[in-house]
Amino acid sequence: MLEIRVPAERMITVKASAFDRMWSDCQSDVLKAIQRVGASGRYVLGSEGIRFEDRFASYSDQAHAVGCASGLDALEIALRLAGVGAGDTVLTSPLSAFATALAILRLGAQPVFCDVDQHGLIDPEAAVGAFADHPQIRAIVPVHLYGHLADMAALRALADAHGAALIEDAAQAVGASRDGLSPGALGEAACYSFYPTKNLGCLGDGGALTLAMSEQATRARALRDYGQSAKYVHDEIGLNSRLDELHAATLTDAFLPRLDGWLARRRQIAKRYLAEISSEAITLLPGPEPASGGWHLFPVLTRPGQRDAFLAHLKAHGIGAGLHYPTLICDQKAYVDAHGASDPSQFAQSRRFAETEVSLPIHPYLKEHEVDHVVASVNAWDG
Ligand SMILES: *Cc1c(COP(=O)(O)O)cnc(C)c1O
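Just so you know, the residues in each chain are numbered from 1, in the order the chain's sequence is written. Side-chain atom pairs in this predicted model are given and counted only at pLDDT of 80 or more, local residue features only at pLDDT of at least 70, and totals for whole chains, interfaces and linings cover all residues. Hydrogen atoms and water are omitted, and side-chain values are computed over all heavy atoms in the structure.

As for the overall build of the protein
The numbering of helices and of strands both runs from the N terminus, where a helix is a DSSP run of H or I of at least 4 residues and a strand a run of E of at least 2. Secondary structure summary: the protein contains 12 helices and 12 strands in total. Oriented by its inertia axes, the alpha-carbon framework of the protein measures out at about 70 × 55 × 40 Å. Buried, partly exposed and exposed residues are distinguished by accessible area as a fraction of the type maximum, computed with a 1.4 Å probe on protein chains only: under 20%, between the cut-offs, and over 50%, respectively. Across the 383 residues that make up the protein, the buried fraction comes to 54%. By definition, residues are in contact when any of their heavy atoms lie within 4.5 Å. Restricting the contact set of the protein to residue pairs at least 6 apart, pairs at least 24 apart contribute 71%. Each accessible area is a Shrake-Rupley result for a 1.4 Å probe, and residues are judged covered by the shown protein chains and nothing else. A total of about 16,200 Å² of accessible surface is found on the protein, and carbon and sulfur atoms cover 54% of it. A positive count includes Lys and Arg, and a negative count includes Asp and Glu. His and the chain ends are not counted in either. Taken as the charge centre is NZ of Lys, CZ of Arg, CG of Asp or CD of Glu, depending on the residue. The distance from the centre of the 33 positive side-chain charges to the centre of the 45 negative ones in the protein is 6 Å.

Next up, the structure:
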């Protein structure tokens, strides 16, 4: 491979995220929202939260949205609504943010992991096998990894056949769809994170779950507020997990109105990468339905054993890359210490992702010449 020396001052850097550009774009809307909340004198559980929940429910095409403090808490609350508690088992993917399993573990329940398919999403065949081994599984938590929806029709049928609930980890998939179905269409609940790097991020931590039934929304609102069903009335043990008025207001005024534009830009960049990246040493992952994916990340796979060298190549070209995720949840120390090590021959496809996946920059503020640079740099990699 011919080394091309680029003069330092002409070196392009392409970062994995660009909050500085986001801030210049959004700051006047954000500051107006902050001004309004500050002047209102109401900072927790006021009209801003209600307004955001209404907007987010209609954006998600669901009857109810309940704001909370994080994606982790949204999952925990949704699992509680589904009746998951101590001693129950919950089927999920080992290839996810640790938070997915943590929500299950915090309830005293036990995750049962099942392998992913070629997209990195729960493999319905493997899920059938997991139910054969653990017929009492109480809920399935599919992870819509990278912004692509899992095969929800297959998982819904499996959940129904076993009387299990279906709780969607949609932290990476706001605004995405597959076969015309969005998160929440087939699940009892869809759980979202507004962590800053997510497709709909706020200036700190935040989350929400969407629900179809009003009794469930009422109970979720109690659970996020110490289990308080009315002032000083605590019917069950809850959390302190409220979405602050400041976050709700900035989400409503500045971020949610930009979401469709951001998603369109992510899809445009994904389309270019899919069409233009041609290195034979790189496997593209178009997902099950590229045109309607959320493209939270743009994952590719290297050949076995080549990831570190590819990362060094990207770094030398000024490109910030990520790994999602380098260690499976079942192999994390916290999990192994409490629940024992998993058999390394299990979860072959998940392990392939853990060992060879690299996420290329795909945030909506990328400029065209930066996308050009990523394409050219990846194509200069021949393994
Ligand atoms: C970010 C994320 C979470 C956790 O969300 P937090 O708001 O950080 O608690 C859970 N699952 C997935 C797949 C995520 O990407």
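Read on for the rest.
A word on the sheet that holds strand β11 (residues 298–302)
Strand order in the open sheet formed by three strands is β10-β11-β12, and the pairing between neighbours is antiparallel. Strands with a single pairing partner mark the edges of an open sheet, and in this sheet they are β10 (282–284) and β12 (357–360). Sheet twist, expressed as the mean angle between neighbouring strand axes with direction ignored, is 40 degrees. In this scheme, strands are said to pair when DSSP sees at least two bridges between them. In this structure, β11 lies alongside β12, joined through four bridges in antiparallel fashion. Pairing of P299 across the sheet is with S359, part of β12. Only the stretch in contact is used when fitting a helix axis, every axis being a line fitted to C-alpha atoms; angles between N-to-C directions are given from 0 to 180 degrees.

Examining the site of the ligand
By nearness alone, 14 residues border the ligand, and G71, L72, D169, S193 and K198 come closest of all. Residues adjacent in sequence count toward polar contacts only when both atoms are side-chain atoms; beyond that, a polar contact is any pair of N or O atoms within 3.5 Å, and within protein one must be able to donate a hydrogen and the other to accept it. S193 is positioned such that a nitrogen or oxygen atom in its side chain is 2.6 Å from an oxygen atom of the ligand. With respect to the ligand, the side chain of K198 contributes an N or O atom lying 2.9 Å from an oxygen atom. About the coverage of the ligand: the protein hides 88% of its 380 Å² of free accessible area. Three residue categories are used. Nonpolar comprises Ala, Val, Leu, Ile, Met, Phe, Trp, Tyr, Cys and Pro, charged comprises Asp, Glu, Lys and Arg, and polar comprises the others, including Gly. Split into classes, the residues belonging to the shell around the ligand amount to six nonpolar, six polar and two charged. Note on terminology: near, applied to a residue and a molecule or strand, indicates that one of the residue's heavy atoms is within 4 Å of it.

Considerations on the packing of aromatic side chains
Here a ring pair, both rings aromatic, is described through the centre-centre distance and the interplanar angle of the planes. Stacked, edge-to-face and tilted are the three classes for Phe, Tyr and Trp ring pairs, Trp counted by its six-membered ring, which pair at centre distances within 6.5 Å; planes under 30 degrees apart are stacked, over 60 edge-to-face, the rest tilted. The tally for this structure, following the rule as stated, stands at 11 aromatic pairs. Through successive ring pairs, a cluster of aromatic residues spans F52, F56, Y192 and F194.

Structural notes on a nonpolar patch on the surface
Each patch is built from salt-bridge-free residues with over 30% relative accessible area, joining like charges within 9 Å and nonpolar side chains (Val, Leu, Ile, Met, Phe, Trp, Tyr) within 5 Å. Take a side-chain nitrogen of Lys or Arg and a carboxyl oxygen of Asp or Glu: if they are within 4 Å of each other, that pair is a salt bridge. Among the surface-exposed residues, W23, L31, I34, L203 and L246 lie close enough to one another that they form a single nonpolar patch of about 410 Å² accessible area. Ranked by the residues each element gives to the nonpolar patch, the list is headed by helix α1 (residues 19–40), at three residues. Relative to the helices and strands, L246 resides in helix α8 (residues 245–276).

Thoughts on the pairing of strand β7 (residues 207–211)
Along any regular strand, the residues point their side chains to alternate faces of the sheet. β7 sits mainly inside the fold: five of its five residues count as buried. Of the two faces of β7, the one holding G207, L209 and L211 and the one holding A208 and T210 are both buried throughout. By the bridge criterion, five bridges tie strand β1 (residues 64–68) to β7 in an arrangement that is antiparallel. Bridge pairing in β7 links A65 to T210. As judged from the five bridges shared by strand β6 (residues 189–193) and β7, these two strands associate in the antiparallel manner. Bridge pairing in β7 places A190 opposite T210.

A few points about the side chain of S93
Relative to the assigned elements, S93 resides in the loop between β2 (89–92) and α4 (98–106). Reaching out from S93, the side chain makes a polar contact with the backbone nitrogen of L95 at a distance of 3.0 Å. Excluding anything up to four places from it in sequence, S93 contacts F113, C114, V116, I122, V141, V143 and I329.

With respect to unusual backbone geometry
Each neighbour pair has its own omega, and for H324 with Y325 the value is 5 degrees, a cis peptide bond. Here the phi dihedral of D179 falls at roughly 50 degrees; this positive angle occurs in a residue that is not glycine. With respect to the element layout, D179 can be found in the loop between β5 (165–169) and β6. Positive phi, close to 60 degrees, is recorded for F347, a residue that is not glycine. Tracing the backbone through its elements, the reader meets F347 in the loop between α10 (333–339) and α11 (348–356).

Section: the side chain of D115
In this structure, D115 sits in the loop between β3 (110–113) and α5 (124–133). Buried and unpaired, D115 has no salt bridge, with R351 as the nearest side chain of opposite charge at 7.7 Å. A polar contact is formed between the side chain of D115 and the backbone nitrogen of A348, at a distance of 3.1 Å. Once you skip the residues sitting within four places of it in the chain, D115 turns out to touch I122, D123, A126, F347, A348, Q349 and S350.

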